[in-house]
Amino acid sequence: MKNVKTYIPSLLLSILLVFSMLGISGLLVVRSFADSDKLTGLAEENKIVSTIQSELESYFSNKYNETGVPAEVYTAALTDEYIEKIVGLNINAGFERLDSGKFDNLTGRENPELEESISIFFNDYADSIGYVKDDKYEEKLQKTIDSAYSVITDYCDIYKFRMMNSEGILAKASKIYTRLDMIILAVAGATVLLIVLLLLINIKSKLLVKYWVGISALVSGVIGISPCIYLNASRFFDAFVIKQPQIFKSFTGLLYGAVNSFMINQIILAAAGILLIVLFAVISKKIKTS
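No experiment lies behind these values; they were computed from the predicted model shown.

A. View of the overall build of the protein chain. Across its full length, the protein chain carries 13 helices and 0 strands. In terms of overall dimensions, the protein chain is more spread out than a globule: its C-alpha atoms have a radius of gyration of 28 Å, far above the 19 Å expected for 290 residues. If you line up the protein chain on its principal axes, its C-alpha atoms span 105 × 35 × 25 Å. Across the 290 residues in the protein chain, those meeting the buried criterion constitute 39%. If you take every contact in the protein chain between residues at least 6 apart in sequence, the share linking residues at least 24 apart comes to 78%. Counting every atom, the protein chain has about 16,500 Å² of accessible surface; 63% of that belongs to carbon and sulfur. One way to put it: in the protein chain the 28 positive side-chain charges average out to a point 24 Å from where the 30 negative ones average out.

Written out as structure tokens, the structure is:
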């Protein structure tokens, strides 16, 4: 290791290897979480449906003085299965936009029970005051149904895909998302190339490759683990100011999940680094004593 001709290039390559290992670890986490099934699973783990139910009940109750429509007219038709379905439709629509550029307007959100409940209320109220069911009546009824769907869809869009789409964020993210696998392969290829270069530089002493790769893995692991410990210990993401509880729970759950996944990757990487360094030390000692 004291040979300057090999030591300095090996040191520089090992530093680059640290960053490539951090990169591939982070990208693998992004790849695992950039998936509709993964986000749907997180929503189930965080019991988002019950939170949405509670928030919708509160919303429609507060709107009673403005609309005159009791909250139960809406909430009676909002089952857990239906809310879960709309959450899933929003997530799938977001990823469809990222993948193909098309954004689904959630044509599958129809709820016959909800429409029937609102229609019955309007019909009974009109009959009670002797109101003629003319075009204005039908227009008001349809407007109320459309408004209900809009509110429900918004509350079930727990990752704010619709907002990000309207703001053009998904269009920009799509350029990266559609190339994510290619980027991962490129970084993985760069990592392999760096290791091969280390091997070529230390061709006369191949054992040193274990040392340099081990050091890089250990340093990468320590660099990656440290901020993860801080973020978890300080509950950093809990400080986010997000008014809607279901949005807050979804985003913080997603971020903490990603942090923990990255930390596990880095722990494995650090452990592999320690193992390589120990192997290097043991084999070197045997060579010296033989």
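B. Broad picture of the pattern of salt bridges. A full pass over the atoms with the stated rule returns 5 salt bridges. When the shortest N-O distance is used, the salt bridge between Asp 127 and Lys 133 registers 3.1 Å. One salt bridge in this structure joins Lys 160 and Asp 154, with 3.5 Å as the shortest N-O distance. Classification of Asp 154 as partly exposed rests on a relative accessible area of 32%.

C. Layout of the packing of aromatic side chains. Enumeration according to the criterion identifies 16 aromatic pairs in this entry. Between the aromatic rings of Tyr 211 and Trp 212, the centroid separation amounts to 5.2 Å while the plane-to-plane angle is 75 degrees, which identifies the pairing as edge-to-face. Feature note: the residues Phe 95, Tyr 159, Phe 161, Tyr 177 and Phe 251 constitute an aromatic cluster, connected by ring pairs. Just above the ring of Phe 33 sits the side chain of Lys 38; from NZ or CZ to the centre is 4.8 Å.

D. Examining unusual backbone geometry more closely. You will see that Lys 160, though not glycine, has its phi angle at about 55 degrees, which is positive. As for its position among the elements, Lys 160 is in the loop between α8 (135–156) and α9 (161–166). Using a relative accessible area of 17% as the deciding quantity, one classes Lys 160 as buried. Even without glycine at this site, Arg 235 takes up a positive phi of about 50 degrees. Looking at where Arg 235 falls in the secondary structure, it is placed in the loop between α12 (207–233) and α13 (245–289). Since its relative accessible area comes to 41%, Arg 235 is described here as partly exposed.

E. Up close: the packing of helix α2 (residues 36–45) against helix α6 (residues 80–100). Look at α2 against α6: their axes get within 9 Å of each other, and the N-to-C directions meet at 150 degrees. Here α6 runs roughly antiparallel to α2, going by the angle between their axes. With respect to the hand of their crossing, α2 and α6 are arranged in right-handed fashion. Contacts between α2 and α6 involve Ser 36, Leu 39, Thr 40, Ala 43 and Glu 44 from the former and Glu 84, Val 87, Ile 91, Asn 92 and Phe 95 from the latter. Residue classes in the contact of α2 with α6 are distributed as 5 nonpolar, 3 polar and 2 charged.

F. Inspection of the packing of helix α1 (residues 4–33) against α12 at higher detail. Where α1 contacts α12, the axes come no closer than 8 Å and their chain directions differ by 40 degrees. Regarding the angle of α1 to α12, the classification is oblique. With respect to the hand of their crossing, α1 and α12 are arranged in right-handed fashion. On the side of α1, the interface is formed by Tyr 7, Ser 10, Leu 11, Ser 14, Leu 17, Val 18, Met 21 and Leu 22, while α12 contributes Trp 212, Val 213, Ser 216, Ala 217, Val 219, Ser 220, Ile 223 and Gly 224. Within the contact of α1 with α12, the residues separate by chemical class into 11 nonpolar, 5 polar and no charged.

The rules behind the values
- Residues numbered from 1 in each chain as written.
- Predicted model: local features only at pLDDT ≥ 70, side-chain atom pairs only at ≥ 80, totals over all residues.
- Heavy atoms only, no water.
- Helix = DSSP H or I, 4+ residues; strand = E, 2+ residues; numbered from the N terminus.
- Rg over C-alpha atoms; globule rule 2.2 N^0.38 Å.
- Buried < 20%, exposed > 50% of the residue type's maximum accessible area, 1.4 Å probe, protein only.
- Contact = heavy atoms within 4.5 Å.
- Areas by Shrake-Rupley, 256 points an atom, 1.4 Å probe, with all protein chains shown as cover.
- Lys, Arg positive; Asp, Glu negative; His and termini not counted.
- Charge placed at Lys NZ, Arg CZ, Asp CG, Glu CD.
- Salt bridge = Lys/Arg side-chain N within 4 Å of Asp/Glu carboxyl O.
- Phe/Tyr/Trp six-rings, centres within 6.5 Å; stacked < 30°, edge-to-face > 60°.
- Lys NZ or Arg CZ within 6 Å of the ring centre and 35° of its normal.
- Axes fitted to C-alpha atoms, helices over the stretch in contact; angles between N-to-C directions.
- Parallel < 35°, antiparallel > 145°, perpendicular 65-115°, else oblique.
- Left-handed = near helix turned anticlockwise from the far one by under 90°.
- Nonpolar A, V, L, I, M, F, W, Y, C, P; charged D, E, K, R; others polar.

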